[in-house]
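Structure at a glance
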Amino acid sequence: RKELGLPFDKKILFFGGAVVVSVPFLLEVIKQINREDVIMIVVGPEKKEFKILVEKMGLVDKVFFEGLVSYDKFKKYLFASDVLLLPRSNNNLLDRCTFPGRIGDFMLSGRPIVASDVGELAIVFGGGIGLLAKSDDKIDFAEKVLSLIDNPELAEKTSTRAFEKGKNEYDWSVLTESLLQNVYL
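Since the model is a prediction, treat every value here as computed from it, not as a measurement.

Now for the pattern of salt bridges. A complete count under the given rule lists seven salt bridges for this structure. Here R1 makes a salt bridge to D82, at a shortest N to O gap of 2.5 Å. In this pair, R1 is assigned in the segment before β1 (11–16) and D82 in the loop between α3 (71–80) and β4 (83–86), connecting sequence segments 81 residues apart.

What follows is about unusual backbone geometry. Positive phi values are uncommon outside glycine, yet N34 reaches one of about 50 degrees. Position of N34 relative to the elements: it lies in the loop between α1 (23–33) and β2 (38–43). Judged by its relative accessible area of 58%, N34 falls in the exposed class.

In this section: the environment of N90. Topologically, N90 is positioned in the loop between β4 and α4 (93–97). Residue N90 is classed as partly exposed on the basis of its relative accessible area, which comes to 38%. Put simply, N90 and D117 are 27 residues apart on the chain and 8.4 Å apart in space, counted from C-alpha to C-alpha.

Counting 30 residues, the largest nonpolar core has L13, M40, V63 and F141 as its most contacted members. When residues of this core are traced back to their parent elements, those giving at least two are β1, α1, β2, α2 (48–56), β3 (63–67), β4, β6 (131–133) and α7 (138–150). By residue number, the principal contributor to this core is α1, which donates seven residues. Among all residues touching F141, those that are not within four sequence positions of it are F25, L26, V29, L85, L86, P87, V114, A115, S116 and A133. In this structure, L4, L78, I103 and L121 belong to the second largest nonpolar core, which totals 23 residues.

Orientation of α1 relative to α2, taken along the N-to-C sense of each, is 20 degrees, at an axis distance of 11 Å. As judged from the angle between their axes, α1 and α2 are roughly parallel. In the crossing of α1 with α2, the sense of the turn from one axis to the other is right-handed. Along the contact surface, α1 presents V23, P24 and L27, while α2 presents F50, L53 and V54. By residue class, the composition of the contact of α1 with α2 is six nonpolar, no polar and no charged.

What counts and what doesn't
Residues numbered from 1 in each chain as written. Predicted model: local features only at pLDDT ≥ 70, side-chain atom pairs only at ≥ 80, totals over all residues. Heavy atoms only, no water. Salt bridge = Lys/Arg side-chain N within 4 Å of Asp/Glu carboxyl O. Helix = DSSP H or I, 4+ residues; strand = E, 2+ residues; numbered from the N terminus. Buried < 20%, exposed > 50% of the residue type's maximum accessible area, 1.4 Å probe, protein only. Core = buried A, V, L, I, M, F, W, Y, C linked by side-chain atoms within 4.5 Å. Contact = heavy atoms within 4.5 Å. Axes fitted to C-alpha atoms, helices over the stretch in contact; angles between N-to-C directions. Parallel < 35°, antiparallel > 145°, perpendicular 65-115°, else oblique. Left-handed = near helix turned anticlockwise from the far one by under 90°. Nonpolar A, V, L, I, M, F, W, Y, C, P; charged D, E, K, R; others polar.

By themselves, these are just geometric observations and shouldn't be taken as functional.
Here's what the structure looks like:
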């Protein structure tokens, strides 16, 4: 956290990736959480309208946009965070039909994850790998985040399971080998 200039006295939520359609939803989630000790870091393409929305919602001291960062810095944000966020919308065809490329990185970080129960995420995060929230439900998503923040044992249990599954199934070396064996050979 020190290297990234992040506070040690806050719980840090992290969202990162190229799909920024989830940002307005996450702003509603952080507003719902409404705790002084919780902030959110967003890494990815910056949009001026998001910063305007943050100001309108009174979240300037809770939401921080870091823009595009290197892969190494992205991983540092993962490790510095308390809860990782993977929201997807059931109302968005792209969200229902695509698989987030960052999912392995999230799992291998050893941090607890809250994901929406949409598409492949519902399959991957079932069975205690992370907490699944109802898609497009900011209240349920916020409750899942808070349950991980307020219950360290649950956070540890889900993050350990996610790490093991990530190491065995979603590490880039495992995925590359599987792709080579099953598609190209």
